[in-house]
Amino acid sequence: MTSAKLKVAVLYDVWEDDTAPSEVAEEKTSARKTKRKSRIEKEDREEISEALEKLGHEPFYQVLDGRPQCLTALAKCDADLVFNLTESFAGDDTKEMNVAAYMDLLGIRYTGGGPHAHFLAQDKGTAKKMFAFHEIKTPFFATSYRGRIEHAHDIAFPLIVKPVSEDGSIGINADAVVNSVKELMERVEYIQNEFDSPALIEEYIEGREIYAAILGSYEHAQTLPLVELDLSRLPKGTPKIASYDVKFEKDTHKLTKSHLATDLDEETVNRLQETALAAYHAVKLRDYGRIDMRLTEKGEVYVIEANPNPWLSSKQEFAMAAKASGRSYTQLIGEIVELAMQRYAPRSGTESIS
């Protein structure tokens, strides 16, 4: 670990009714919509700031509120490193990649994914094409927008339909899984009208929801112990998917539980970890990321999506995996800082991959 004391800007975004930097937000508006996500007792930015202080660094909050002035303030913040927690700009999560690109233009050092990673993760259709190119198994899919088919495999019911460019399971609920042409057409229309987004129409894969947390650079990365989101207690007839309700609605969320996937044999664990690492590299993640997969009864592994800069709350899956690997929460934050600083260290004859 670096022994140097760093000025670290903990960068996050607010908009609309979000609270001031010193206050704990009770809720957070979703991207481009006014849907609400429930929050835990303490914001991840507060936990990260506390961890940075324990590591001997000098953290401070830097806020992006969607105004041009906040970009000027970021340019002048004089941080040694930005711990990037932004999910959008002015509530538009398609501009998440622009924040990283802006820091690249200014030569600001920051943690996590670069603009390429954010673009590929945001556009799920493009990410799936990258997986296919690298021979990583992912569900067959089609994309459609305003009557135009932009891409299509031969796909079969049941299908799951979701926005191609949203995150946090926005636009995914029990009705997202369809079993007929009529249901499909209705859901595609809903996605296009509600989100003004192409619809991603994907084969629904029945199986266990497995998350692989990964730490490391583009060149060298390691998978932490696997975590499973247990969906078995959802009501009968409810699709076993990580929907918006599962993640953020209290009554539904309490029916699910994330736990270490300790009942998998060594061969299956290796297959899941190797698949996750391949996906991590395919969409250019770095420092830390999470790969969401489905494991079928036949042992097949399908990558569902890749997540740069996943939620770092101490109560969430990434921190759970880190703890199982022997890392404390403070050590996890320190390792992310170290990985970012190493990336910006001079390396003769080597160019960084963003």
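Note that this is a predicted model, so its numbers are computed, not measured.

Requested: an account of the packing of helix α4 (residues 115–122) against helix α5 (residues 124–133), with residues and values cited.
One way to put it is that α4 packs onto α5 with a least axis distance of 5 Å and a crossing angle of 100°. The angle between the axes of α4 and α5 places the two elements in the roughly perpendicular class. Contact residues: α4 offers Phe119, Leu120, Ala121 and Gln122, while α5 offers Lys124, Thr126, Ala127 and Met130. In terms of residue class, the contact of α4 with α5 is built from five nonpolar, two polar and one charged.

Tell me about the sheet that holds strand β5 (residues 81–84), and please be specific about residues and values.
Taken in spatial order, the three strands of this open sheet run β4-β1-β5, and their pairing is parallel. If you trace the sheet from one side to the other, it starts and ends with β4 (58–64) and β5, each paired once. Ignoring strand direction, the axes of neighbouring strands in this sheet form an average angle of 30°. In this sheet, β5 lies alongside strand β1 (residues 7–13) in parallel orientation, the contact comprising four bridges.

Give a detailed account of the environment of Arg146, specifying residues and quantitative values.
Among the structural elements, Arg146 can be located in the loop between β6 (141–145) and β7 (148–152). Taking relative accessible area as the criterion, Arg146 reaches 46% and is therefore assigned partly exposed. It is 9.3 Å that separates the C-alpha atoms of Arg146 and Ala199, two residues lying 53 residues apart in sequence. When residues no more than four places from it in sequence are discounted, the contact partners of Arg146 are Gln192, Asn193 and Asp196. Polar side-chain contacts of Arg146 include one of 3.3 Å to the side chain of Asn193.

Any chance you could break down the sheet that holds strand β10 (residues 199–203) for me, citing the residues and the numbers?
What the five strands build is an open sheet, ordered β7-β6-β10-β8-β9; its pairing is antiparallel. Either end of the sheet is taken by a strand with one partner, and the two such strands are β7 and β9 (177–178). When strand β8 (residues 159–163) meets β10, the two strands line up antiparallel, connected through five bridges. Its bridge partner lying in β10, Val161 is registered against Ile201. Taken strand by strand, α5 contacts β6, β7, β8 and β10, and its axis lies near 40° from that of β10. Along the sheet, helix α6 (residues 181–195) makes contact with β6, β8, β9 and β10, crossing β8 at roughly 10°.

Before we move on, can you summarise the packing of aromatic side chains with the specific residues and values?
For the coordinates displayed, the defined rule picks out three aromatic pairs. Considering the side-chain rings of Tyr12 and Tyr61, the 6.0 Å spacing of their centres and the 90° angle between planes classify their relative orientation as edge-to-face. Remark: Tyr61 occurs in strand β4 and Tyr12 occurs in strand β1; sequence separation between them is 49 residues. Summarising the aromatic geometry, the rings of Tyr288 and Phe318 are spaced 5.8 Å apart at their centres and angled 80° between planes, so their arrangement reads as edge-to-face. Here the residue Tyr288 occupies a position in strand β15 (residues 287–295), and Phe318 occupies one in helix α10 (residues 317–324), the gap between them amounting to 30 residues. Pair check on accessibility: Tyr288 and Phe318 agree, each one buried. Stacked on the ring of Tyr302, the Lys or Arg Lys137 has its end atom at 5.5 Å from the ring centre. Above the face of the Tyr211 ring, Arg290 is positioned so that its terminal group lies 4.7 Å from the ring centre.

So what about the pairing of β15? Which residues, and what values?
Extensive coverage of β15 is indicated by the burial of nine of its nine residues. The sheet contact formed by strand β11 (residues 208–216) and β15 spans nine bridges and is antiparallel. Looking across to β15, one finds that Tyr211 is bridged to Asp292. With seven bridges connecting them, β15 and strand β16 (residues 301–308) associate as antiparallel partners. Counted as the bridge partner of Gly289 is Pro308 from β16. Hairpin remark: β15 followed by β16, antiparallel, with five residues in the connecting loop; positive phi at Gly299, about 85°.

How each quantity is defined
Residues numbered from 1 in each chain as written. Predicted model: local features only at pLDDT ≥ 70, side-chain atom pairs only at ≥ 80, totals over all residues. Heavy atoms only, no water. Axes fitted to C-alpha atoms, helices over the stretch in contact; angles between N-to-C directions. Helix = DSSP H or I, 4+ residues; strand = E, 2+ residues; numbered from the N terminus. Parallel < 35°, antiparallel > 145°, perpendicular 65-115°, else oblique. Contact = heavy atoms within 4.5 Å. Nonpolar A, V, L, I, M, F, W, Y, C, P; charged D, E, K, R; others polar. Pairing = 2+ DSSP bridges. Buried < 20%, exposed > 50% of the residue type's maximum accessible area, 1.4 Å probe, protein only. Polar contact = N/O pair within 3.5 Å; in protein donor to acceptor, adjacent residues only side chain to side chain. Phe/Tyr/Trp six-rings, centres within 6.5 Å; stacked < 30°, edge-to-face > 60°. Lys NZ or Arg CZ within 6 Å of the ring centre and 35° of its normal.

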